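Structural overview
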Amino acid sequence: MSALAAPSPPATPSFAAALAEMAVPLLLLDAAGTITFANACAAALLACPAPAGLPLPALLAACGAAEPEGGILPEALRAARPVRSRLTLGDRLVEAALAPLSSGGFALTFEDVTELLRGAALARQEPLTGLCNRVGLHDRLDAALAEAARTDAPLAVLMLDLDRFKAVNDTLGHPVGDALLRKVAERLRKATRSGDVVARLGGDEFAIIQGGPSSGAEQPQAAEALARRLVDLVGRTYVVDGHMLNVGVSVGVALSPADGRNADDLLKHADLALYRAKAEGRGTYRFFEPAMNAQMQARRSLEIDLRRALALKQFDLAFQPQIQLETGQIVGFEALLRWNHPERGPVSPALFIPLAEEIGLIVGIGEWALRTACREAAGWTQPASIAVNLSPVQFRGGRLVETVMHVLAQTGLDPARLELEITEGALLENTDSVLDVLNGLRALGVKISMDDFGTGYSSLSYLQKFPFDKIKIDQSFVRGMEGNAECGAIVRAIARLGASLGMRTTAEGVETATQLDAIRAEGCTEVQGYLTGRPMPAAQAAALLIPSPAALPADAA
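Scope of this entry: the structure provided in the associated data block. If you're wondering where the values come from, they're calculated on a predicted model, not measured in any experiment.

1. Digging into the overall build of the protein chain
Along the protein chain, the regular secondary structure elements total 21 helices and 22 strands. Computed over C-alpha atoms, the radius of gyration of the protein chain comes to 36 Å, more than 25% over the 24 Å expected from 2.2 N^0.38 for 557 residues, which places it beyond the range of a compact globule. Once the C-alpha set of the protein chain is aligned to its principal axes, its extents read approximately 120 × 50 × 50 Å. Residue pairs at least 24 apart in sequence account for 61% of intrachain contacts in the protein chain once pairs closer than 6 positions are excluded. Of the charged side chains in the protein chain, 51 are positive and 63 negative; the average position of the first set lies 1 Å away from that of the second.

The structure is reproduced here in structure tokens:
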């Protein structure tokens, strides 16, 4: 435009030809706004073969051009000032630039920005669902926060994560998973208002910007109502390619300005609230609380230490005896994982094992525990069994059978002495696949136990699907037997069920002689607990097997 703003050059034939053949659409206007010249590109763009002599508003009206922002070009002509304005021309978007000339009149150039704007929009759009992507969400959130700050209007950010979506991908494949994501996206659109922004951040993660100056939403009531609606709608059954699918959603909510005045803080705090919702059972929502920041920092610190623990040899195993009630002899030990940190001291398994499962470290830690337990058991003077717990995560990689086979070969332990314990959590995720793995382990000669029996939803159906060697009765029932007839009835039913199916039954958590007498009376075959033997170091466990089979305590017999 700077060349056009210079004094007019001589109207030589060569200069007129250059203007006419310019690749940029160009109009020259007199001081009144009437077209005095139009090059070929301008005539073609405006679909007007002879625009000269027309006032600019008349020309724009004749070719169907419209200014979405309305009247900017005519106003600039009257004020004789430069301006840029965007026009719609059919299905095209055109950037118009008006510049006063020093010799009088105006130059008006046009640039077709349709593809440029479409490309920019696509760069901010997630292709699978058509929702905003992470970049688009950040841009929209920045704009919404700027407007909210100007008008002092409340605004909420909701972070969403689908529950049980991975199982759909793993069992039915990614095409079904993608179709499910599109259906979820559609439900999210229907659950929100036209002014809200819905985005997919990747995988099964979504986000919503709710509220703003024009929404009239009262916060936090509006965010809570939306979060509750999302949990309900997303959790309803889907039909995809003939499959009935059920997933849930966890939601974390952060509010502006209370929880942050910039996009990064709001997204981070909503994510922390989402993490809390998932930790507290999934299928629910939580609002951000300042204490979550400190808790997350503590978790990250624990994670860093946990990642180093295996390499630094901070893990150890404790061995708890399992006693046969009929003979009072030790028939085996359960290997229990322990983490002794040099600064933290003993770290509770209830704290670090779920974290190890979440970040994927449990596979390596579990393999170490299996190998160490088998090596210890291989050196015992009596062929007592060794029980090792398996995490549901260890079933996912497809290498569990191979790992157990290698450990048995390396340690020389008789497979019949190894007892692998699983909980219902391992079967809930992908039952058929887990059953295939269990059958592969059984083929090695290894025994399989169902741990914490009775605490899940489908215990009986799992016993029907797989012939477990042992049922371990959860300690909550054992401890409740004193003064609670229902717990006693449950223990009795499980013991009789095990006997009828040819499975041994072990009562866990026995701490008193009264509990032991009750367990014996109900027909359990084995017992494990502080009364009959606390978890102990490997050397002490091995020593118990040297002199003679250990008997029950005299006062407990």
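2. Looking at unusual backbone geometry
Along the chain, S256 connects to P257 via a cis peptide bond; the corresponding omega equals 10 degrees. In this model, A80 sits at a positive phi of 50 degrees, which is unusual for a non-glycine residue. When you line up the elements, A80 lands in the loop between α4 (72–79) and β4 (83–89). With a relative accessible area of 46%, A80 lands in the partly exposed category. Although it is not a glycine, K313 sits at a positive phi angle of roughly 60 degrees. Along the polypeptide, K313 turns up in the loop between α11 (291–309) and β14 (315–324).

3. As for the pattern of salt bridges
In the structure shown here, the tally under the stated rule is 29 salt bridges. Across the pair R442 and D469 runs a salt bridge whose closest N-O atoms are separated by 3.2 Å. Remark: D469 occurs in the loop between α17 (459–465) and β20 (470–473) and R442 occurs in helix α16 (residues 431–443); sequence separation between them is 27 residues. Note that E508 and K472 form a salt bridge whose closest N and O atoms lie 3.4 Å from each other. Pair noted here: E508 is in strand β21 (residues 504–508) and K472 is in strand β20, with a separation of 36 residues, a long-range link. Taken as a pair, E508 and K472 share a single burial class, namely buried. One network of salt bridges, with partners in common, ties together D161, D163, K278 and R282.

What counts as what
- Residues numbered from 1 in each chain as written.
- Predicted model: local features only at pLDDT ≥ 70, side-chain atom pairs only at ≥ 80, totals over all residues.
- Heavy atoms only, no water.
- Helix = DSSP H or I, 4+ residues; strand = E, 2+ residues; numbered from the N terminus.
- Rg over C-alpha atoms; globule rule 2.2 N^0.38 Å.
- Contact = heavy atoms within 4.5 Å.
- Lys, Arg positive; Asp, Glu negative; His and termini not counted.
- Charge placed at Lys NZ, Arg CZ, Asp CG, Glu CD.
- Buried < 20%, exposed > 50% of the residue type's maximum accessible area, 1.4 Å probe, protein only.
- Salt bridge = Lys/Arg side-chain N within 4 Å of Asp/Glu carboxyl O.

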